[in-house]
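# Structural description and commentary
Each chain is listed here by its residues.
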Amino acid sequence: DTEVTQTPKHLVMGMTNKKSLKCEQHMGHRAMYWYKQKAKKPPELMFVYSYEKLSINESVPSRFSPECPNSSLLNLHLHALQPEDSALYLCASSPGTLRSEQFFGPGTRLTVL
Amino acid sequence: SQQGEEDPQALSIQEGENATMNCSYKTSINNLQWYRQNSGRGLVHLILIRSNEREKHSGRLRVTLDTSKKSSSLLITASRAADTASYFCATDRMWGAQKLVFGQGTRLTINP
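Reading the values: the criteria
- Residues numbered from 1 in each chain as written.
- Chains lettered and ligands numbered in written order.
- Predicted model: local features only at pLDDT ≥ 70, side-chain atom pairs only at ≥ 80, totals over all residues.
- Heavy atoms only, no water.
- Contact = heavy atoms within 4.5 Å.
- Buried area = accessible area lost by both parts, 1.4 Å probe.
- Salt bridge = Lys/Arg side-chain N within 4 Å of Asp/Glu carboxyl O.
- Polar contact = N/O pair within 3.5 Å; in protein donor to acceptor, adjacent residues only side chain to side chain.
- Nonpolar A, V, L, I, M, F, W, Y, C, P; charged D, E, K, R; others polar.
- pLDDT = per-residue confidence, 0-100.
- Helix = DSSP H or I, 4+ residues; strand = E, 2+ residues; numbered from the N terminus.
- Pairing = 2+ DSSP bridges.
- Axes fitted to C-alpha atoms, helices over the stretch in contact; angles between N-to-C directions.
- Disulfide = S-S within 2.5 Å.
- Buried < 20%, exposed > 50% of the residue type's maximum accessible area, 1.4 Å probe, protein only.
- 1 Å grid on protein atoms, 1.4 Å probe; cavity = no way out; pocket = protein on both sides within 12 Å on 5 of 7 lines; lining within 4 Å.
- Points joined across faces, edges and corners; volume = space filled by probe spheres on them.
- Phe/Tyr/Trp six-rings, centres within 6.5 Å; stacked < 30°, edge-to-face > 60°.

With that settled, the discussion passes to the interface of chain A and chain B. The interface of chain A with chain B comprises 23 residues on the first partner and 25 residues on the second. Surface buried jointly by chain A and chain B totals about 1,800 Å² across both partners, of which 51% is contributed by carbon and sulfur atoms. Counting every contact that joins chain A to chain B gives 1 salt bridge. Of the charged contacts, one joins Lys-99 of chain B and Glu-58 of chain A as a salt bridge, the two residues approaching to 2.7 Å between their closest N and O atoms. For the pair chain A and chain B, the number of links is 4 residue pairs in polar contact (both at pLDDT 80 or more). When grouped by side-chain class, the residues that make up the side of chain A that touches chain B number 10 nonpolar, 7 polar and 6 charged.

This is the structure we're talking about:
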């Protein structure tokens, strides 16, 4: 299995909702990433997990809460989001954090009303 | 500001022609990668070139890296309609954990 899966594909939520995005990989990769991508812009790194520990948090607001329950799973918990948080959220994984290609999932298209 | 800047921002060519995209960056890097993204989808890794390499080939792709000018180029030869996508360069800093910083991207359109 050489793919990264993300669920759901689309999510619409209100500003008071709590929701979670899920990412899964079975390639034995030890690094996993969350990116946010606005329309016609490049992906921007949000979080990096290395060996199930949070290693990079790019000053992301606390309304985004990442979780790595095990080496194959990565969640992003969402709470009290703002309309400007609407974007494509991409998950990626890599064999390690040192100088290697990243494998991306198809993304979750999030709309905050 | 973004580590990588790409030009052109948009490129439209006829099928069969070659497409060249350029990327410039500001700090010392470990490697430079190129990714492709079809509209609204995930990114697909195309090629990685290390800082001590000058040129790399993969199928119809040729990547060059000039660390003295802090620039890279991606050449796609004999383009096909399926090559229509956005192309991003991504750099990985010399020090610290791998943090990819993506350029602004080039939107490539191949006209049949």
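What follows deals with the confidence of the model for chain A. Chain-level statistics for chain A give a pLDDT mean of 93 and a share of 96% at 70 or above. Put simply, strand β6 (residues 53-57) of chain A is where chain A has its lowest mean pLDDT, 89, and strand β1 (residues 4-7) of chain A is where it has its highest, 98.

A few words now on the sheet that holds strand β8 (residues 73-79) of chain A. Residue and element names in this part refer to chain A. What the 4 strands build is an open sheet, ordered β1-β3-β8-β7; its pairing is antiparallel. A strand with exactly one partner marks an edge of an open sheet, and here the two such strands are β1 and β7 (64-70). The mean angle between the axes of side-by-side strands here comes to 20°, regardless of whether they run parallel or antiparallel. Taken together, the 5 bridges between β7 and β8 define a ladder with antiparallel strand orientation. Residue Ser-65 lies in a different strand from β8, and its bridge partner there is His-77.

Inspection of the secondary structure assignment puts Cys-89 of chain B in strand β9 (residues 85-93). Linking Cys-89 of chain B and Lys-56 of chain B, residues 33 residues apart in sequence, is a C-alpha distance of 14 Å.

It is worth spelling out the state of the cysteines at this point. Taken as a whole and assessed by the stated rule, the structure comprises 2 disulfides over all chains. The disulfide partner of Cys-23 of chain A is Cys-91 of chain A, and the S-S distance across this bridge is 1.9 Å. Around the S-S axis, the bridge from Cys-23 of chain A to Cys-91 of chain A shows a dihedral of about -70° and counts as left-handed. Of this pair, Cys-23 of chain A sits in strand β3 (residues 18-25) while Cys-91 of chain A sits in strand β9 (residues 87-94), and the two are 68 residues apart along the sequence. By relative accessible area, Cys-91 of chain A is classed as buried at 0%. Covalently, Cys-23 of chain B is tied to Cys-89 of chain B through a disulfide, its sulfur atoms 2.1 Å apart.

Let us now look at the layout of surface pockets. In this structure, the largest pocket occupies an estimated 470 Å³ of space. Considering the residues around the largest pocket, the lining is formed by 21 residues, among which Ala-39, Lys-40 and Lys-41 of chain A together with Ser-86 and Arg-107 of chain B are closest to the centre. Elements supplying a minimum of two residues to the lining of the largest pocket: β9 and β11 (106-111) of chain B. A per-class count over the lining of the largest pocket returns 5 nonpolar, 11 polar and 5 charged.

Turning to the packing of aromatic side chains, a few remarks are in order. In the structure shown here, the tally under the stated rule is 8 aromatic pairs over all chains. Taken together, the ring pairs in this structure connect Tyr-33, Tyr-35 and Phe-104 of chain A together with Tyr-35, Phe-88 and Phe-102 of chain B into an aromatic cluster.

Time to look at the pattern of salt bridges. All names here are of chain A. Under the defined criterion, the tally for this structure stands at 7 salt bridges over all chains. A salt bridge links Asp-85 to Arg-63, with the nearest nitrogen and oxygen atoms 2.7 Å apart. Highlighted residues: Asp-85 in the loop between β8 and β9 and Arg-63 in the loop between β6 and β7, separated in sequence by 22 residues. What makes Arg-63 partly exposed here is its relative accessible area of 24%. Within the structure, one salt-bridge network assembled from shared partners comprises Lys-36, Arg-63 and Asp-85.

Residue and element names in this part refer to chain B. Along the polypeptide, Ser-72 turns up in strand β8 (residues 71-76). Since its relative accessible area comes to 3%, Ser-72 is described here as buried. A polar contact is formed between the side chain of Ser-72 and the backbone oxygen of Thr-64, at a distance of 2.7 Å. Those residues within four positions of Ser-72 in sequence are excluded, and the remaining contacts are Met-21, Asn-22, Cys-23, Leu-32, Trp-34, Val-63, Thr-64 and Leu-65.

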